[in-house]
Structures are given as structure tokens and as C-alpha cells.
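Observations on the model geometry
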Amino acid sequence: MTADSRTNRQVALITAVALALYVLVRLLPTGSNLNHMDFRTEGKGAIEFCDPANPQFIPVVAVRSPVVVALQTDREPARDQPVKFTLRLATASGKPIAPADLLVAHTRKLHLLIVDPTLNDYQHVHPEPGRRAGEWEFTLTPQRAGLYRVFADFTPAATQRGLYASVDFTVPGAVATVVREPNTTAQLAGFNFELVTPPRFRAGKVADLKFRIESPGREKLPVPLQPIMDAFAHLVAFDEARSGFAHLHPNESDLTKPPDAKRPELTFKVTIPAPGRYAIWAQVNLDGHEVFVPFWVDVMP
Ligand SMILES: [Cu+2]
């Protein structure tokens, strides 16, 4: 045997072993009994998957979701009272969607973005698996009255792509009319927050946003900004009709490189398809405390 043919045989052997390992790994069960067909929607209006590189507004309510969400409460929801919810997550054909069927995304398997009709009470909740498969439990204290909307954000192991669904519940009482003017600054938790939007924020165009935090006063103290759910900040935009949401993460995604401590600034990209007024809620972690900051932004035609 020549040296050449020996090398060829070794290369062939290594390739065969690598191929066999690849096939083996692909055949290993994911732990989920669901497959991609369980998350398929037929015909027009199927939900669009989100491209994390270019976050879009996701029209959750208008499109047909391949999953069904239902809510149950331990008693009638009431303003300023903690309510225990059981959320049931199932495929369109009724198969329960349990923890094994979902991948961890941003440190959690299931994110709920919950907002009241005036967009003034936004809460981000992570339910825990309940007693039965497909049941997820969480506690929420609604701060307002009216028809609350719950957007569920999760990633089935079978499709490995973000999927969305929504469900509503009512908090009895009169819905306060709140007229909000565009507002891109806020003072909260002892800090000043600012959302810098393009001078002409237009629908259908990619927009660059900047989010800044600083201490008040002339002497700038360090901002104790820490990562939360694998990001230095999360921005969630809702339209007034709550037809869906956009969930944005900073371009500065490397958590080992924190932004400037005295004036942290994070940049975001978003495309909002329709003009109108939007609430953009920022969620950050300041020294271990979760802070939610609302901004109000007009998007032009
Ligand atoms: Cu997020």
C-alpha cells in the first residue's frame, strides 16, 4: 500500500465517522412529542416567523396561530389584587404544549407580554409549568381595568423558530381614558431615561432607536445596569389597537462588553409596518431591580 492510498483511506474513514455521528445526533429525540406539522397553519394569514436580525412588528391577533391559548383564574380578576392564572397551551389539534416541547429563548421557555387597553400597565411574566401537561401557572396583579391582552412568545423545539399567540381576560371596572402625547423621556427609579427616535419615524422603513440612561444632576454617577434575560435592555412596542407587538433587543448583544457605565446607550433596529401611536416599554435591570419605562412614539405614514 502506498502512503497516498493510506492517507485516502484515513480521510474516508474520518469522514464516515463524522457522518455517522451527525446522523446519530439528528436522530436523538428532542424530548418533544410534537413535530413541525403540529405547528403548521394552512392557507393565507399564517403567522409570520420573526427574523431576529431585523425585528418586525408581529401582527399576532390578525393572523391565525397554529396554537391555542386559554386562560383560567382562581377567582374573578380585580384591580390591584394578585390573581392566579392557569394558561393552557395546545396545538390546533389539541395536543398539550409542555416544557419539553419548548426551547429556552432569552433564558425562559415561555414569555407572556401582558398589557391593559390603555397600554399603561405592561407586565412581562414567565409562567411555571403546572400540574398537567400544557398547563402553565403565573400570578399577576392588574393595575387597571378593562380587557387585558396576553401575548405569548415561545419557540417550539420542533420548529426552532419563535411563535406567538394571544388571549384576553377582563378586569371589571371602568376603563380610564388616557390621552398620551408623544413622550421620549422619563424619570423613574432615580434615573433619567431617553428613547431617541429618528426625526421622521416612518412606517415600513427600518428605524434606528437609541436608548439612554443617566443619573440626574450635573455629576454623572454610574448607572448599575445589569443584563436581564440575556440582554442589557428589552424594548416592547404595542400599537393602540394591540394588534400585536415588536420585541427588540440591543445591537450590543455581547454581555461581556457592558455599555459605558456613566451614560449607557444601547441601539436598536425596528420596522413598524403601520402608522399610528405606539407605546414602547423598556425593561431593564438596575442593580437587581426590574424597571419598566414607558415611552410614547408617533409613527408617520
Ligand atoms: Cu426581550
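Quoted interface sizes are often the accessible area lost when the parts come together. Its domain assignment divides the chain into domain 1 (49–171) and domain 2 (185–299). Contact residues are listed per partner, giving 29 residues for domain 1 and 29 residues for domain 2. Surface buried jointly by domain 1 and domain 2 totals about 2,500 Å² across both partners, of which 65% is contributed by carbon and sulfur atoms. Of all residues in domain 1, the largest losses of buried area upon contact with domain 2 belong to Phe-57, Leu-119 and Tyr-122, amounting jointly to 33% of the total for that side. The tally of links between domain 1 and domain 2 comes to 0 salt bridges. Counting across the interface, domain 1 meets domain 2 through 11 residue pairs in polar contact (both at pLDDT 80 or more). Put simply, the parts of the chain that give the side of domain 1 that touches domain 2 at least two residues each are strand E4 (110–115), strand E5 (122–125) and strand E8 (146–156). With 5 residues, E8 is the largest single contributor of residues to the side of domain 1 that touches domain 2.

The strands making up a sheet associate through hydrogen bonds between their backbones, and the pairing can be parallel or antiparallel. Strand order in the open sheet formed by 4 strands is E1-E2-E7-E6, and the pairing between neighbours is antiparallel. Every other strand in the sheet has two partners, leaving strand E1 (67–73) and strand E6 (128–129) as the edge strands with one partner each. Here 2 bridges tie E6 to strand E7 (residues 135–140), and the two strands are oriented antiparallel to one another. Looking across to E7, one finds that Glu-128 is bridged to Glu-137.

So, on to the pattern of salt bridges. Evaluation of the coordinates by the stated rule reveals 11 salt bridges. Among the ionic pairs, Lys-95 bridges to Asp-38, the shortest N-O distance being 2.9 Å. Here Asp-38 lies in the loop between helix H1 (3–27) and E1 and Lys-95 lies in the loop between strand E2 (83–91) and strand E3 (102–103), a separation of 57 residues in the sequence. Across the pair Asp-208 and Lys-269 runs a salt bridge whose closest N-O atoms are separated by 2.7 Å. Here Asp-208 is found in strand E12 (residues 206–214), whereas its partner Lys-269 is found in strand E16 (residues 265–271), with 61 residues between them in sequence. With relative accessibility at 45%, the residue Asp-208 sits in the partly exposed group. By relative accessible area, which is 32% here, Lys-269 ends up partly exposed. One salt-bridge network, held together by shared partners, links Glu-194, Arg-212 and Glu-265.

What counts as what
Residues numbered from 1 in each chain as written. Predicted model: local features only at pLDDT ≥ 70, side-chain atom pairs only at ≥ 80, totals over all residues. Heavy atoms only, no water. Domains from an automatic or database assignment. Contact = heavy atoms within 4.5 Å. Buried area = accessible area lost by both parts, 1.4 Å probe. Salt bridge = Lys/Arg side-chain N within 4 Å of Asp/Glu carboxyl O. Polar contact = N/O pair within 3.5 Å; in protein donor to acceptor, adjacent residues only side chain to side chain. Helix = DSSP H or I, 4+ residues; strand = E, 2+ residues; numbered from the N terminus. Pairing = 2+ DSSP bridges. Buried < 20%, exposed > 50% of the residue type's maximum accessible area, 1.4 Å probe, protein only.

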